[in-house]
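Observations on chain architecture
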Amino acid sequence: MKVVHVKNPESREACLAKLCANIYGQDAGLAPLVTFAGVLGVLFEQDAARLFALTDDEHQILSLVMVSSDVDGATMEVGMLSTAEKGASTAHSRELVRILAEKAPLRVTANDKDGEAFFRTCGIERWIDGEDGLRIGLGPRHPAPVQGILPSTVRFNGEGILRTFKQERETFEHYKSRFLDALARYTPTL
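Residues numbered from 1 in each chain as written. Predicted model: local features only at pLDDT ≥ 70, side-chain atom pairs only at ≥ 80, totals over all residues. Heavy atoms only, no water.

**Overview of the sheet that holds strand E7 (residues 135–138)**
The mixed open sheet is built from seven strands, whose spatial order is E1-E2-E3-E4-E5-E7-E6. The open sheet has two edge strands, strand E1 (2–5) and strand E6 (126–129), and neither has a second partner. Each strand of the sheet is rotated relative to its neighbour by a mean of 30°, with strand direction disregarded. Sitting on the sheet, helix H2 (residues 31–44) is in contact with strand E2 (49–55), strand E3 (61–69) and strand E4 (76–83), with an inclination near 115° to E2. (Pairing = 2+ DSSP bridges. Helix = DSSP H or I, 4+ residues; strand = E, 2+ residues; numbered from the N terminus. Axes fitted to C-alpha atoms, helices over the stretch in contact; angles between N-to-C directions. Contact = heavy atoms within 4.5 Å.)

Structure follows, in C-alpha cells:
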C-alpha cells in the first residue's frame, strides 16, 4: 500500500466528488455540493487543501482524505475521510491517517468518544479540548499549541456558498453539473 497525493486536476475533482458523496450520502440535500464547491472554489484555488488516496499494489483506491492547511501553511487538519467504497472496512482509512500523521504535522477533530478512539488507533495520542465539545488530536509531528492556541485552519463559508446557489441559479447549475460529471468520471484506480 502507498499514499498518493492526487494532483491531476481531473482525478482530484473526481476523487473529491466521490469523497463528498461517501461522507454525506444521497439524502444529504445540498451539503455534498456545497462542500464540493467550497473545496474546489476556495481551498484548492488558494492551495490550502490537498487530496490523498491510499492505494494497493494494483493502484486501487482504498481510502480518500482531504486535508486543509492552517493560515500559515505550517500544519494541516483532516477535513474529510472515507473508505473508497461506502460500507468498506475502516482499516484503510485508519492506515491512511496513520501514515500521514507520521509524515506531516497533522491534526484531527473528534465529535465523540468513538471518533477519538478511532483516531487514537491511528497514532494520534495528544488530545486537547476544542470549542463546542470537540476534541482535537495532534499527530506526533504536530507542534504543541502556543499558549493553548492552535493556528486557524483555512475554511470556506458554506452558508455563503448556499446563499450564492440560491441567488445565482447559473452558479448552482455549474457546480451541480461539475459535481455529477466528476462523480461519473471517478474510477477506483489511480
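**Concerning the pattern of salt bridges**
If you walk through the whole model with that rule in mind, you get 12 salt bridges. The residue Arg-155 makes a salt bridge to Glu-77 at a minimum N-O spacing of 3.1 Å. Residue Arg-155 is found in the loop between E7 and helix H5 (158–167), and its partner Glu-77 is found in strand E4; the two are separated by 78 residues along the sequence. Taking relative accessible area as the criterion, Arg-155 reaches 56% and is therefore assigned exposed. You can call Glu-77 buried: its relative accessible area is 5%. (Salt bridge = Lys/Arg side-chain N within 4 Å of Asp/Glu carboxyl O. Buried < 20%, exposed > 50% of the residue type's maximum accessible area, 1.4 Å probe, protein only.)

**Description of helix H6 (residues 169–185)**
With 17 residues, H6 should reach 24 Å at 1.5 Å per residue; the first-to-last C-alpha distance of 24 Å fits that figure. Listed as buried for H6 are Phe-172, Tyr-175, Phe-179 and Ala-182. For H6, the buried positions fall inside an angular range of 105° around the axis, keeping them on one side. Exposed positions of H6 whose direction lies more than 90 degrees from the buried face are Arg-169, Glu-170 and Ala-184. The elements touched by buried residues of H6 are helix H1 (9–24), H2 and H5. (Expected span 1.5 Å × (residues − 1). Arc of directions from axis to C-beta.)

**Describing the state of the cysteines**
With the rule as written, the count across this model stands at zero disulfides. Residue Cys-20 stays outside any disulfide, its sulfur separated by 11 Å from that of Cys-15, the closest cysteine. The exposure class of Cys-20 is buried, given its relative accessible area of 0%. (Disulfide = S-S within 2.5 Å.)

**A few points about the pairing of E7**
Where strand E5 (residues 106–110) lies against E7, four bridges are found, and the strand directions are antiparallel. Residue Val-108 lies in a different strand from E7, and its bridge partner there is Gly-137. Pairing of E6 with E7 involves four bridges; the strand directions are antiparallel. Considered in E7, the bridge of Trp-127 is made with Gly-137.

**What about the side chain of Thr-55?**
If you trace the backbone, Thr-55 turns up in strand E2. Of the residues examined, Thr-55 reaches a relative accessible area of 1% and is grouped as buried. Contacts of Thr-55, omitting those with residues within four sequence positions, involve Met-1, Lys-2, Val-4, Gln-60, Ile-61, Leu-62 and Leu-190.

**Comments concerning the packing of aromatic side chains**
What the rule picks out here adds up to four aromatic pairs. On the numbers, 5.1 Å between centres and 75° between planes, the contact of Phe-36 with Phe-179 is edge-to-face. Within this pair, whereas Phe-36 is found in helix H2, its partner Phe-179 is found in helix H6, the two being separated by 143 residues in sequence. Like Phe-36, the residue Phe-179 is buried in the burial classification. Summarising the aromatic geometry, the rings of Phe-118 and Phe-119 are spaced 5.2 Å apart at their centres and angled 75° between planes, so their arrangement reads as edge-to-face. With respect to burial, Phe-118 and Phe-119 carry one shared label: buried. Ring pairs connect the aromatic residues Phe-165, Phe-172 and Tyr-175, which therefore count as one cluster. Across from the ring centre of Phe-44, 3.9 Å away, lies the NZ or CZ of Arg-12, which sits over that ring. (Phe/Tyr/Trp six-rings, centres within 6.5 Å; stacked < 30°, edge-to-face > 60°. Lys NZ or Arg CZ within 6 Å of the ring centre and 35° of its normal.)

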